[in-house]
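# Close look at the chain arrangement
Here's the letter readout for the chains.
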Amino acid sequence: TNTNSVNGNVYGTPTPTGTNNSYLNHFGTGGQARVGASFMSESSGVFTFNETGTYNVRVTVTAENVSYTSSANRLTMGFFISVNNDNNFPINTYSTNQQKGGQFGCVYLRSPNTGSFGSCTFGDYIYLSQNDNIRIKVVCDNDDGGRSFEDTATNTQISVYCSIEAEKIASADVVTFRS
């Protein structure tokens, strides 16, 4: 992504289990590369797949605390792969959503003076139908007790850099889960 590119200029949402419109929304065209035929397009951070299949989606995120402070001087940012605008951050719904265990990552930031950078890498094999889409959504928690991820930070306080790789594995659904 281009730094500071988040929908609505705010990372996170006060209603993480409700509507979450906080997602990374500007991926620069200068750094895009492709091997083989194209199977997806991107518009404002929404990646639409034009072929049905199983994809290996990998995400790398680096966050920089530019000026965010709180009473605890801590911020955990959760990033997750949202399929078709799904709002459920997997850590909040893990007991019923264990199949999404690889579809999220967290970055822990301290004050801008003592721990200003963090990175995470995550990904999963995801079966998508033609015209399904993914986006990278964001939730935040400032260590105010619990892990409810109901906090926010502005795009002037935090800079985020993100790369996404998608590889088509098969045209069929080849992912199986053990129960």
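Notes on the structure in this doc start here. For clarity, every value in this text was computed on a predicted model and none was experimentally measured. (Residues numbered from 1 in each chain as written. Predicted model: local features only at pLDDT ≥ 70, side-chain atom pairs only at ≥ 80, totals over all residues. Heavy atoms only, no water.)

Helices and strands together make up the secondary structure of the protein, namely zero helices and ten strands. Along the protein, helices and strands appear, N-terminal first, in the series β-β-β-β-β-β-β-β-β-β. Classification of the 179 residues of the protein by burial places 43% in the buried group. Residue pairs at least 24 apart in sequence account for 75% of intrachain contacts in the protein once pairs closer than 6 positions are excluded. Summing over all exposed atoms, the protein offers an accessible surface of approximately 8900 Å²; the carbon and sulfur share of this is 44%. (Helix = DSSP H or I, 4+ residues; strand = E, 2+ residues; numbered from the N terminus. Buried < 20%, exposed > 50% of the residue type's maximum accessible area, 1.4 Å probe, protein only. Contact = heavy atoms within 4.5 Å. Areas by Shrake-Rupley, 256 points an atom, 1.4 Å probe, with all protein chains shown as cover.)

Below, the discussion takes up the nonpolar core. Counting residues in hydrophobic clusters, the biggest one holds 32 residues, and the most contacted among them are Tyr11, Val59, Met77, Phe79, Ile158 and Val160. If you list the elements that add at least two residues to this core, you get β3 (46-49), β4 (53-65), β5 (75-83), β6 (104-109), β7 (117-128), β8 (133-141) and β10 (158-170). The element that contributes the greatest number of residues to this core is β4, accounting for five residues. (Core = buried A, V, L, I, M, F, W, Y, C linked by side-chain atoms within 4.5 Å.)

Overall, the coordinates contain three salt bridges when judged by the stated rule. The shortest N-O distance in the salt bridge between Arg58 and Glu165 comes to 3.1 Å. Residue Arg58 is found in strand β4, and its partner Glu165 is found in strand β10; the two are separated by 107 residues along the sequence. Of the charged contacts in the structure, one is a salt bridge between Glu167 and Arg58, with a shortest N-O distance of 3.6 Å. Here Arg58 lies in strand β4 and Glu167 lies in strand β10, a separation of 109 residues in the sequence. For Glu167, a relative accessible area of 39% gives the class partly exposed. Owing to a relative accessible area of 27%, Arg58 belongs among the partly exposed residues under this scheme. (Salt bridge = Lys/Arg side-chain N within 4 Å of Asp/Glu carboxyl O.)

Turning next to the sheet that holds β3. The five strands lie next to each other as β2-β3-β8-β5-β6, forming an open sheet whose pairing is antiparallel. In this open sheet, the two edge strands, each paired with only one partner strand, are β2 (40-43) and β6. This sheet shows a mean twist of 25 degrees between the axes of neighbouring strands, independent of strand direction. Where β5 meets β6, six bridges bridge the pair, whose relative direction is antiparallel. Looking across to β6, one finds that Gly78 is bridged to Cys106. (Pairing = 2+ DSSP bridges. Axes fitted to C-alpha atoms, helices over the stretch in contact; angles between N-to-C directions.)

Below, the discussion takes up a nonpolar patch on the surface. A cluster of nonpolar side chains, Tyr125, Ile169 and Val174, forms an exposed patch at the surface whose accessible area comes to about 270 Å². Within the secondary structure, Ile169 sits in strand β10. (Patch = residues over 30% accessible without salt bridge, like charges linked within 9 Å, V, L, I, M, F, W, Y side chains within 5 Å.)

Next up on the list: the environment of Lys168. On the secondary structure map, Lys168 appears in strand β10. Linking Lys168 and Thr54, residues 114 residues apart in sequence, is a C-alpha distance of 6.1 Å. Those residues in contact with Lys168 that sit more than four places away from it in its chain are Phe39, Glu51, Thr52, Gly53, Thr54 and Tyr55. In terms of polar contacts, Lys168 uses its side chain to reach the side chain of Glu51, at 2.6 Å. At 3.4 Å, the side chain of Lys168 forms a polar contact with the backbone oxygen of Thr52. (Polar contact = N/O pair within 3.5 Å; in protein donor to acceptor, adjacent residues only side chain to side chain.)

Honestly, it's all geometry; don't read function into it.
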